[in-house]
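Breakdown of the fold
Residues per chain, in single letters:
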Amino acid sequence: QVQLVESGGGLVQAGGSLRLSCAASGLTFSRYTMGWFRQAPGKEREFVATISWGGGSTSYADSVKGRFTISRDNAKSTVYLQMNSLKPEDTAVYYCAGVVLVGTIRKSEQYDYWGLGTQVTVSS
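In this structure the tally under the stated criterion is 5 aromatic pairs. Judged by centre distance (5.3 Å) and plane angle (80 degrees), the rings of F37 and Y111 are edge-to-face. Pair noted here: F37 is in strand β4 (residues 33–39) and Y111 is in the loop between β9 (92–99) and β10 (113–114), with a separation of 74 residues, a long-range link. The same class applies to F37 and to Y111, which are both buried. Seen in terms of ring centroids, F37 and W114 are 5.1 Å apart; in terms of plane orientation they differ by 55 degrees. Their pairing is tilted. One end of the pair, F37, is in strand β4; the other, W114, is in strand β10, with 77 residues separating them in the sequence. A relative accessible area of 25% means that W114 is categorised as partly exposed. The lysine or arginine in question, R19, covers the ring of Y80, its NZ or CZ lying 4.0 Å from the ring centre. Sitting over the ring of W114, R45 keeps its end group 3.9 Å from the ring centre.

What counts, and where the lines are drawn
All residue numbers here refer to positions counted from 1 along the written sequence of the relevant chain. A pLDDT threshold of at least 70 governs which residues receive local features in this predicted model, and a stricter bar of 80 or more applies before side-chain atom pairs are shown or counted, although totals over entire chains, interfaces and linings include all residues. Only hydrogens and water are set aside; all other atoms, that is, all heavy atoms of the structure, feed into the side-chain values. Pairing of aromatic side chains requires ring centres within 6.5 Å, counting the rings of Phe and Tyr and the six-membered ring of Trp. Pairs whose planes differ by under 30 degrees are stacked, by over 60 edge-to-face, and all others tilted. What counts as a helix is a DSSP run of H or I of at least four residues, what counts as a strand is a run of E of at least two, and both are numbered from the N terminus. Only protein chains enter the accessibility calculation, which uses a 1.4 Å probe; a residue is then buried when its area is under 20% of its type maximum, exposed when over 50%, and partly exposed in between. Two conditions define a charge located above a ring, namely a distance within 6 Å from the ring centre to NZ of Lys or CZ of Arg, and an angle within 35 degrees of the ring normal.

Shown next as C-alpha cells:
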C-alpha cells in the first residue's frame, strides 16, 4: 500500500532552518507530482510548494517564496522541503502529498495520497 512518511520537523528559533523529508513507498514515485502543505492550529490547510514528477517545474506559495525550496530524489523516492529564514508564522503541521498528474499541483483536493505530517514550531 502507498505510504508517505514525513520527517525532519522540530523546534527552531526564528531565522533558523529545517529540512523536511517525505519518503514514499508502495508507488512508482517518479510518476507522481508531489506537494507540501501545512496546517496551523485553528486554520485551514494551505499550499506550500509543489514539484513535478521529473523535478523540472516547481511552484510556491507567495508566503514562502524565496525562503523555501522543494526538491526530489526519484532514486530515493523522497521529496524534500528546505526551509530557511523561518518565521513564527511558519509554525504548523507540514504534510506531503502525491498525485499522478502532469505538472505542478497547488490544490489539495487534487492529491490522492497524504502523509501523517510532521510538526514544525518556530519560536520568536
